[in-house]
Amino acid sequence: MNRRLDEYVEADVQRLLTEDVDLAEQGITVLRREQNLVLCGEVESQARRDEIERKVRAAFPDVAVLVDIGITRTQPPGEAEDLS
Amino acid sequence: MIRVAAVADVHMDSDVLGRYRPALEELPDKADVLLLGGDLTRHGSAAEAECVATEFRDLGVPVIAVLGNHDHHRDQVPEVVKTLEGGGIAVLEGEGTVIDTPGGRLGVAGAKGFGGGFAGRCASAFGEPEMKAFVQTTCDAADRLSEALRRLECDVLVALTHYAPVPDTLLGEPLEIYPFLGSYLLGQAIDSAPTALAVHGHAHMGSERGVTPGGVKVRNVAHPVIKQAYSVFHLHARARAAA
Ligand SMILES: [Fe+2]
Ligand SMILES: [Fe+2]
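Residues numbered from 1 in each chain as written. Chains lettered and ligands numbered in written order. Predicted model: local features only at pLDDT ≥ 70, side-chain atom pairs only at ≥ 80, totals over all residues. Heavy atoms only, no water.

### Describing the coordination of the iron ion (ligand 2)
Octahedral six-donor coordination of a metal ideally yields angles of 90 or 180 degrees, compared with 109.5 degrees for tetrahedral four-donor coordination.
All names here are of chain B.
Then comes step 1: At this site the iron ion (ligand 2) is bound by Asp39 (OD), Asn69 (OD1), His162 (NE2) and His202 (ND1), with donor distances of 2.1 to 2.2 Å.
Then comes step 2: For the iron ion (ligand 2), the 4 donor atoms in the first shell make angles of 88 to 158 degrees at the metal, a pattern classed as irregular.
Then comes step 3: Here the donor residues of the iron ion (ligand 2) share one chain and are spaced in sequence as D-x29-N-x92-H-x39-H.
Then comes step 4: Separating the iron ion (ligand 2) from the iron ion (ligand 1) is a distance of 3.4 Å, and Asp39 supplies a donor atom to each of them. (Donors = N, O, S within 2.8 Å, 3.2 Å for Na, K, Ca; no water. Tetrahedral: all angles 85-135°; square planar, octahedral: opposite > 155°, others 65-115°.)

This is the structure:
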(Lines give C-alpha, C1' and ligand atoms only; values in the text may rest on other atoms or scores of the structure.)
(Ligands and ions follow the chains in the order given, each with its own letter.)
Protein backbone atom coordinates (compact mmCIF):
# COMPACT_ATOMS: atom_id res chain seq x y z
CA MET A 1 0.00 0.00 0.00
CA ASN A 2 1.28 3.44 -0.91
CA ARG A 3 1.58 5.59 2.14
CA ARG A 4 1.61 9.33 1.97
CA LEU A 5 3.88 11.19 4.29
CA ASP A 6 1.28 12.08 6.89
CA GLU A 7 1.04 12.21 10.67
CA TYR A 8 0.20 8.52 10.92
CA VAL A 9 3.39 7.61 9.08
CA GLU A 10 5.32 9.88 11.44
CA ALA A 11 3.75 8.12 14.43
CA ASP A 12 4.39 4.66 12.97
CA VAL A 13 8.05 5.44 12.29
CA GLN A 14 8.52 6.76 15.84
CA ARG A 15 7.03 3.57 17.26
CA LEU A 16 9.03 1.33 14.91
CA LEU A 17 12.24 2.98 16.12
CA THR A 18 11.45 2.08 19.71
CA GLU A 19 9.46 -1.13 19.46
CA ASP A 20 11.35 -2.99 16.72
CA VAL A 21 13.46 -5.52 18.58
CA ASP A 22 16.54 -4.73 16.46
CA LEU A 23 16.26 -0.96 16.96
CA ALA A 24 15.06 -0.11 20.50
CA GLU A 25 15.91 3.58 20.03
CA GLN A 26 13.97 6.19 21.97
CA GLY A 27 16.30 9.07 21.25
CA ILE A 28 15.63 9.64 17.54
CA THR A 29 13.65 12.67 16.41
CA VAL A 30 11.30 12.15 13.46
CA LEU A 31 10.67 15.37 11.52
CA ARG A 32 7.96 15.48 8.86
CA ARG A 33 9.06 17.96 6.20
CA GLU A 34 7.40 18.96 2.95
CA GLN A 35 9.18 16.38 0.79
CA ASN A 36 10.73 13.92 3.16
CA LEU A 37 10.92 12.41 6.59
CA VAL A 38 14.08 13.39 8.44
CA LEU A 39 15.49 11.15 11.18
CA CYS A 40 17.99 12.85 13.46
CA GLY A 41 19.67 12.22 16.78
CA GLU A 42 22.58 10.08 17.92
CA VAL A 43 23.15 6.35 18.41
CA GLU A 44 25.98 4.28 19.84
CA SER A 45 27.30 2.61 16.68
CA GLN A 46 27.38 2.80 12.88
CA ALA A 47 25.68 -0.61 12.75
CA ARG A 48 22.67 0.81 14.66
CA ARG A 49 22.44 3.79 12.34
CA ASP A 50 22.53 1.50 9.30
CA GLU A 51 19.91 -0.81 10.78
CA ILE A 52 17.56 2.12 11.45
CA GLU A 53 17.94 3.28 7.86
CA ARG A 54 17.35 -0.23 6.49
CA LYS A 55 14.29 -0.95 8.63
CA VAL A 56 12.57 2.39 8.08
CA ARG A 57 13.13 2.30 4.31
CA ALA A 58 11.85 -1.29 4.16
CA ALA A 59 8.73 -0.49 6.18
CA PHE A 60 7.94 2.73 4.28
CA PRO A 61 9.18 2.21 0.69
CA ASP A 62 7.13 5.11 -0.68
CA VAL A 63 8.37 7.68 1.82
CA ALA A 64 11.51 9.70 1.07
CA VAL A 65 13.61 9.17 4.20
CA LEU A 66 16.59 11.36 5.00
CA VAL A 67 18.80 9.94 7.72
CA ASP A 68 20.92 12.44 9.64
CA ILE A 69 21.93 10.36 12.66
CA GLY A 70 25.34 10.72 14.28
CA ILE A 71 27.41 8.32 16.37
CA THR A 72 27.93 9.68 19.90
CA ARG A 73 31.57 10.46 20.52
CA THR A 74 33.40 8.64 23.33
CA GLN A 75 36.50 10.76 23.90
CA PRO A 76 37.59 11.40 27.51
CA PRO A 77 36.40 14.71 29.01
CA GLY A 78 38.67 17.67 28.39
CA GLU A 79 37.87 19.29 31.71
CA ALA A 80 35.93 18.73 34.92
CA GLU A 81 33.10 20.88 36.25
CA ASP A 82 33.72 22.35 39.67
CA LEU A 83 30.52 22.37 41.73
CA SER A 84 31.55 24.38 44.75
CA MET B 1 37.73 17.48 46.91
CA ILE B 2 35.82 14.43 45.67
CA ARG B 3 35.87 13.71 41.94
CA VAL B 4 32.76 12.05 40.53
CA ALA B 5 32.64 10.71 36.96
CA ALA B 6 29.26 9.90 35.46
CA VAL B 7 27.58 8.76 32.26
CA ALA B 8 24.14 7.30 31.49
CA ASP B 9 22.44 5.68 28.51
CA VAL B 10 25.44 3.79 27.17
CA HIS B 11 22.98 1.20 25.76
CA MET B 12 25.67 -1.49 25.50
CA ASP B 13 25.54 -4.47 23.20
CA SER B 14 28.32 -6.38 21.45
CA ASP B 15 28.54 -3.72 18.70
CA VAL B 16 29.66 -1.12 21.25
CA LEU B 17 32.19 -3.27 23.14
CA GLY B 18 35.51 -1.47 23.56
CA ARG B 19 34.32 1.98 22.46
CA TYR B 20 34.57 3.45 25.98
CA ARG B 21 37.72 1.62 26.95
CA PRO B 22 40.33 4.18 25.76
CA ALA B 23 38.62 6.96 27.76
CA LEU B 24 38.11 4.65 30.74
CA GLU B 25 41.86 3.97 30.92
CA GLU B 26 42.25 7.61 32.02
CA LEU B 27 39.50 7.37 34.62
CA PRO B 28 41.63 6.75 37.74
CA ASP B 29 43.62 9.94 36.98
CA LYS B 30 40.44 11.99 36.70
CA ALA B 31 37.92 10.57 39.20
CA ASP B 32 37.40 8.67 42.47
CA VAL B 33 34.22 6.90 41.37
CA LEU B 34 32.17 6.24 38.23
CA LEU B 35 28.37 6.52 38.30
CA LEU B 36 26.25 4.83 35.60
CA GLY B 37 22.78 6.40 35.36
CA GLY B 38 20.77 3.58 33.81
CA ASP B 39 19.96 2.34 30.30
CA LEU B 40 23.17 0.39 30.48
CA THR B 41 21.81 -2.12 27.92
CA ARG B 42 19.59 -2.00 24.82
CA HIS B 43 16.94 -4.52 25.86
CA GLY B 44 17.89 -5.64 29.35
CA SER B 45 19.22 -9.08 28.41
CA ALA B 46 21.86 -10.92 30.41
CA ALA B 47 24.09 -11.04 27.30
CA GLU B 48 23.98 -7.24 27.00
CA ALA B 49 24.62 -6.90 30.74
CA GLU B 50 27.70 -9.06 30.21
CA CYS B 51 28.90 -6.45 27.67
CA VAL B 52 28.41 -3.75 30.33
CA ALA B 53 30.32 -5.83 32.88
CA THR B 54 33.15 -6.34 30.39
CA GLU B 55 33.35 -2.69 29.35
CA PHE B 56 33.32 -1.29 32.91
CA ARG B 57 35.38 -3.98 34.62
CA ASP B 58 38.67 -3.34 36.48
CA LEU B 59 38.63 0.43 36.11
CA GLY B 60 40.60 1.13 39.26
CA VAL B 61 37.71 3.07 40.82
CA PRO B 62 34.37 1.84 42.22
CA VAL B 63 31.49 1.71 39.71
CA ILE B 64 27.97 2.40 41.01
CA ALA B 65 24.87 2.06 38.84
CA VAL B 66 21.12 2.29 38.73
CA LEU B 67 19.07 0.55 36.04
CA GLY B 68 17.02 2.33 33.38
CA ASN B 69 13.83 1.48 31.52
CA HIS B 70 15.78 -0.31 28.75
CA ASP B 71 17.34 -2.57 31.39
CA HIS B 72 13.81 -3.66 32.33
CA HIS B 73 12.58 -4.41 28.81
CA ARG B 74 13.18 -8.19 28.81
CA ASP B 75 11.86 -8.51 32.35
CA GLN B 76 15.13 -10.15 33.43
CA VAL B 77 16.16 -7.66 36.10
CA PRO B 78 17.56 -10.23 38.59
CA GLU B 79 19.82 -11.77 35.89
CA VAL B 80 20.92 -8.32 34.70
CA VAL B 81 21.76 -7.19 38.24
CA LYS B 82 23.63 -10.42 38.98
CA THR B 83 25.68 -10.09 35.79
CA LEU B 84 26.55 -6.47 36.53
CA GLU B 85 27.53 -7.35 40.09
CA GLY B 86 29.73 -10.11 38.63
CA GLY B 87 31.63 -7.34 36.86
CA GLY B 88 32.13 -5.51 40.15
CA ILE B 89 29.36 -2.95 39.54
CA ALA B 90 27.20 -2.04 42.55
CA VAL B 91 23.56 -1.71 41.49
CA LEU B 92 21.38 0.52 43.66
CA GLU B 93 17.57 0.55 43.84
CA GLY B 94 16.37 2.47 46.83
CA GLU B 95 19.68 1.87 48.52
CA GLY B 96 22.83 3.78 49.25
CA THR B 97 26.51 3.13 49.59
CA VAL B 98 29.43 5.06 51.07
CA ILE B 99 32.91 5.00 49.63
CA ASP B 100 36.05 6.42 51.15
CA THR B 101 37.95 8.75 48.87
CA PRO B 102 41.03 10.91 49.57
CA GLY B 103 38.66 13.91 49.64
CA GLY B 104 36.24 12.42 52.16
CA ARG B 105 33.35 9.97 52.41
CA LEU B 106 31.13 10.00 49.33
CA GLY B 107 27.59 8.75 49.81
CA VAL B 108 25.58 7.70 46.75
CA ALA B 109 21.89 6.85 46.95
CA GLY B 110 20.28 5.48 43.82
CA ALA B 111 16.92 4.54 42.33
CA LYS B 112 15.71 4.20 38.76
CA GLY B 113 12.74 6.49 39.39
CA PHE B 114 9.83 6.78 36.97
CA GLY B 115 7.69 9.29 35.06
CA GLY B 116 4.68 11.31 36.11
CA GLY B 117 5.56 14.86 35.19
CA PHE B 118 6.32 18.06 37.00
CA ALA B 119 4.54 20.38 39.41
CA GLY B 120 1.25 21.64 38.02
CA ARG B 121 1.46 19.34 34.99
CA CYS B 122 1.64 15.92 36.53
CA ALA B 123 -0.29 12.70 36.76
CA SER B 124 -2.46 12.12 39.85
CA ALA B 125 -3.41 8.90 41.60
CA PHE B 126 -7.04 9.02 40.56
CA GLY B 127 -9.46 7.06 38.38
CA GLU B 128 -8.51 3.84 36.65
CA PRO B 129 -6.31 1.29 38.45
CA GLU B 130 -3.72 1.64 35.64
CA MET B 131 -3.39 5.35 36.36
CA LYS B 132 -3.13 4.80 40.11
CA ALA B 133 -0.50 2.11 39.54
CA PHE B 134 1.52 4.46 37.32
CA VAL B 135 1.56 7.22 39.93
CA GLN B 136 2.14 4.79 42.78
CA THR B 137 5.23 3.43 41.01
CA THR B 138 6.75 6.91 41.04
CA CYS B 139 5.70 7.60 44.64
CA ASP B 140 7.32 4.35 45.80
CA ALA B 141 10.53 5.07 43.89
CA ALA B 142 10.72 8.59 45.32
CA ASP B 143 10.07 7.34 48.87
CA ARG B 144 12.83 4.74 48.54
CA LEU B 145 15.24 7.36 47.19
CA SER B 146 14.43 9.79 50.00
CA GLU B 147 14.95 7.14 52.67
CA ALA B 148 18.22 6.00 51.13
CA LEU B 149 19.51 9.58 50.94
CA ARG B 150 18.54 10.41 54.53
CA ARG B 151 20.13 7.23 55.90
CA LEU B 152 23.62 7.85 54.51
CA GLU B 153 26.38 9.10 56.81
CA CYS B 154 28.93 10.84 54.62
CA ASP B 155 30.70 14.11 53.79
CA VAL B 156 29.25 14.57 50.30
CA LEU B 157 25.88 13.16 49.24
CA VAL B 158 24.97 12.36 45.61
CA ALA B 159 21.64 11.14 44.23
CA LEU B 160 21.70 8.86 41.18
CA THR B 161 18.54 8.21 39.12
CA HIS B 162 17.66 7.30 35.56
CA TYR B 163 14.54 9.46 35.27
CA ALA B 164 14.82 13.23 35.64
CA PRO B 165 14.00 14.99 38.93
CA VAL B 166 13.53 18.43 37.33
CA PRO B 167 12.29 19.71 33.97
CA ASP B 168 15.34 21.98 33.50
CA THR B 169 17.50 19.16 32.13
CA LEU B 170 14.77 18.12 29.68
CA LEU B 171 15.14 21.29 27.62
CA GLY B 172 15.42 20.08 24.02
CA GLU B 173 12.91 17.27 24.47
CA PRO B 174 9.32 17.73 23.22
CA LEU B 175 7.22 19.25 26.05
CA GLU B 176 4.50 16.68 25.36
CA ILE B 177 6.66 13.79 26.60
CA TYR B 178 7.97 15.40 29.81
CA PRO B 179 5.63 13.24 31.94
CA PHE B 180 7.41 10.14 30.56
CA LEU B 181 10.85 11.55 31.29
CA GLY B 182 10.71 12.26 34.98
CA SER B 183 8.84 13.39 38.06
CA TYR B 184 8.97 16.27 40.51
CA LEU B 185 8.61 13.64 43.26
CA LEU B 186 12.22 12.62 42.63
CA GLY B 187 13.26 16.25 43.05
CA GLN B 188 11.34 16.40 46.31
CA ALA B 189 13.15 13.26 47.52
CA ILE B 190 16.51 14.80 46.60
CA ASP B 191 15.57 17.97 48.49
CA SER B 192 14.62 15.95 51.59
CA ALA B 193 18.31 15.34 52.35
CA PRO B 194 21.50 17.45 52.25
CA THR B 195 22.18 16.33 48.68
CA ALA B 196 25.10 18.02 46.92
CA LEU B 197 24.46 16.77 43.38
CA ALA B 198 21.76 14.84 41.51
CA VAL B 199 22.76 12.90 38.40
CA HIS B 200 20.35 11.35 35.90
CA GLY B 201 19.99 10.20 32.29
CA HIS B 202 17.07 9.01 30.10
CA ALA B 203 16.51 12.33 28.27
CA HIS B 204 18.78 11.79 25.26
CA MET B 205 17.79 15.11 23.73
CA GLY B 206 17.70 17.09 26.96
CA SER B 207 20.30 19.47 28.30
CA GLU B 208 23.06 19.26 30.86
CA ARG B 209 22.27 21.55 33.76
CA GLY B 210 19.41 22.19 36.15
CA VAL B 211 18.62 22.81 39.79
CA THR B 212 15.93 21.47 42.14
CA PRO B 213 13.48 23.79 43.92
CA GLY B 214 15.64 23.24 47.03
CA GLY B 215 18.79 24.40 45.24
CA VAL B 216 20.47 21.05 44.50
CA LYS B 217 22.43 21.03 41.26
CA VAL B 218 21.16 18.51 38.71
CA ARG B 219 23.16 17.12 35.80
CA ASN B 220 21.78 15.11 32.88
CA VAL B 221 24.66 12.81 31.90
CA ALA B 222 22.89 10.91 29.10
CA HIS B 223 25.65 10.01 26.67
CA PRO B 224 24.14 11.86 23.68
CA VAL B 225 23.80 14.95 25.91
CA ILE B 226 27.35 15.08 27.27
CA LYS B 227 28.85 13.86 23.95
CA GLN B 228 31.90 12.36 25.64
CA ALA B 229 32.67 9.07 27.41
CA TYR B 230 31.82 10.53 30.83
CA SER B 231 31.65 13.86 32.64
CA VAL B 232 33.61 14.66 35.80
CA PHE B 233 32.30 16.79 38.67
CA HIS B 234 34.42 18.13 41.52
CA LEU B 235 32.54 18.25 44.83
CA HIS B 236 33.66 19.70 48.13
CA ALA B 237 32.78 18.44 51.58
CA ARG B 238 30.80 21.05 53.44
CA ALA B 239 31.06 21.63 57.17
CA ARG B 240 27.79 20.36 58.59
CA ALA B 241 25.91 22.69 60.92
CA ALA B 242 25.91 21.45 64.51
CA ALA B 243 22.68 19.65 65.36
FE1 LIG C 1 18.35 5.80 27.22
FE1 LIG D 1 15.77 5.59 29.46
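After that view of the structure, there is still more to cover.
### Some points on the nonpolar core
Then comes step 1: Ranked by size, the top nonpolar core spans 52 residues in total, and within it Leu34(B), Phe56(B) and Tyr230(B) carry the most contacts.
Then comes step 2: Of all the elements, strand β1 (residues 2-7) of chain B adds the most residues to this core, at 5 residues.
Then comes step 3: With residues near it in sequence (within four places) discarded, Tyr230(B) still touches Pro76(A), Pro77(A), Ala5(B), Ala6(B), Val7(B), Ala23(B), Leu24(B), Glu26(B), Leu27(B), Lys30(B) and Leu34(B).
Then comes step 4: Among the nonpolar cores identified, the runner-up in size contains 20 residues, and Ala109(B), Tyr163(B), Leu185(B) and Val218(B) belong to it. (Core = buried A, V, L, I, M, F, W, Y, C linked by side-chain atoms within 4.5 Å. Buried < 20%, exposed > 50% of the residue type's maximum accessible area, 1.4 Å probe, protein only. Helix = DSSP H or I, 4+ residues; strand = E, 2+ residues; numbered from the N terminus. Contact = heavy atoms within 4.5 Å.)

### Some points on the environment of Ser207(B)
All names here are of chain B.
Then comes step 1: Note that Ser207 resides in the loop between β10 (197-200) and β11 (209-211).
Then comes step 2: The spacing of Ser207 and Cys154 is 53 residues in sequence and 29 Å in space, taken between C-alpha atoms.
Then comes step 3: Setting aside residues up to four positions removed in sequence, Ser207 forms contacts with Asp168, Thr169, Leu170, Leu171, Asn220 and Val225.

### Concerning the interface of chain A and chain B
Then comes step 1: Taken together, the contacts link 26 residues of chain A with 35 residues of chain B.
Then comes step 2: Both sides together, the interface formed by chain A and chain B hides about 2,700 Å², and carbon and sulfur atoms give 46% of it.
Then comes step 3: Linking chain A with chain B are 5 salt bridges.
Then comes step 4: The residue Glu42(A) makes a salt bridge to Lys227(B) at a minimum N-O spacing of 2.8 Å.
Then comes step 5: Where chain A meets chain B, there are 24 residue pairs in polar contact (both at pLDDT 80 or more).
Then comes step 6: Secondary structure elements with two or more residues in the side of chain A that touches chain B: α2 (46-59) and β4 (81-82) of chain A.
Then comes step 7: The residue inventory of the side of chain A that touches chain B, partitioned by class, reads 9 nonpolar, 9 polar and 8 charged.
Then comes step 8: Bridging between β4(A) and strand β13 (residues 231-235) of chain B involves 2 bridges; their strand directions are parallel. From the neighbouring strand, Glu81(A) faces β13(B), where its bridge partner is Phe233(B). (Buried area = accessible area lost by both parts, 1.4 Å probe. Salt bridge = Lys/Arg side-chain N within 4 Å of Asp/Glu carboxyl O. Polar contact = N/O pair within 3.5 Å; in protein donor to acceptor, adjacent residues only side chain to side chain. Nonpolar A, V, L, I, M, F, W, Y, C, P; charged D, E, K, R; others polar. Pairing = 2+ DSSP bridges.)

### As for the packing of helix α1 (residues 7-19) of chain A against α2(A)
Residue and element names in this part refer to chain A.
Then comes step 1: In contact at an axis separation of 11 Å, α1 and α2 are set at 140 degrees when each is read in the N-to-C sense. Of the possible angle classes, the one that applies to α1 and α2 is oblique. Pair α1 / α2 crosses with right-handed handedness. The segment α1 lies against α2, with Val13, Leu16 and Leu17 engaging Ile52, Lys55, Val56 and Ala59.
Then comes step 2: Considered class by class, the residues forming the contact of α1 with α2 number 6 nonpolar, no polar and 1 charged. (Axes fitted to C-alpha atoms, helices over the stretch in contact; angles between N-to-C directions. Parallel < 35°, antiparallel > 145°, perpendicular 65-115°, else oblique. Left-handed = near helix turned anticlockwise from the far one by under 90°.)

### Some thoughts on the sheet that holds strand β3 (residues 65-71) of chain A
Residues and elements named next belong to chain A.
Then comes step 1: In space, the 3 strands of this open sheet follow the order β1-β2-β3, with mixed pairing throughout. The outermost strands of the open sheet, each flanked by one partner alone, are β1 (28-32) and β3. The average angle at which neighbouring strand axes cross in this sheet is 15 degrees, direction not considered.
Then comes step 2: Across the sheet, α1 touches β1 and β2 (37-43), and the angle it forms with β1 is around 165 degrees.
Then comes step 3: Contacts between α2 and the sheet are confined to β1, β2 and β3, with β3 contributing the most and set at about 165 degrees to the helix.

### Quick word on the confidence of the model for chain B
Then comes step 1: Per-residue pLDDT for chain B has a mean of 96; in total, 98% of the residues score no lower than 70.
Then comes step 2: Interface confidence in the predicted complex, given as ipTM, is 0.92; pTM for the same model is 0.96. (pLDDT = per-residue confidence, 0-100.)

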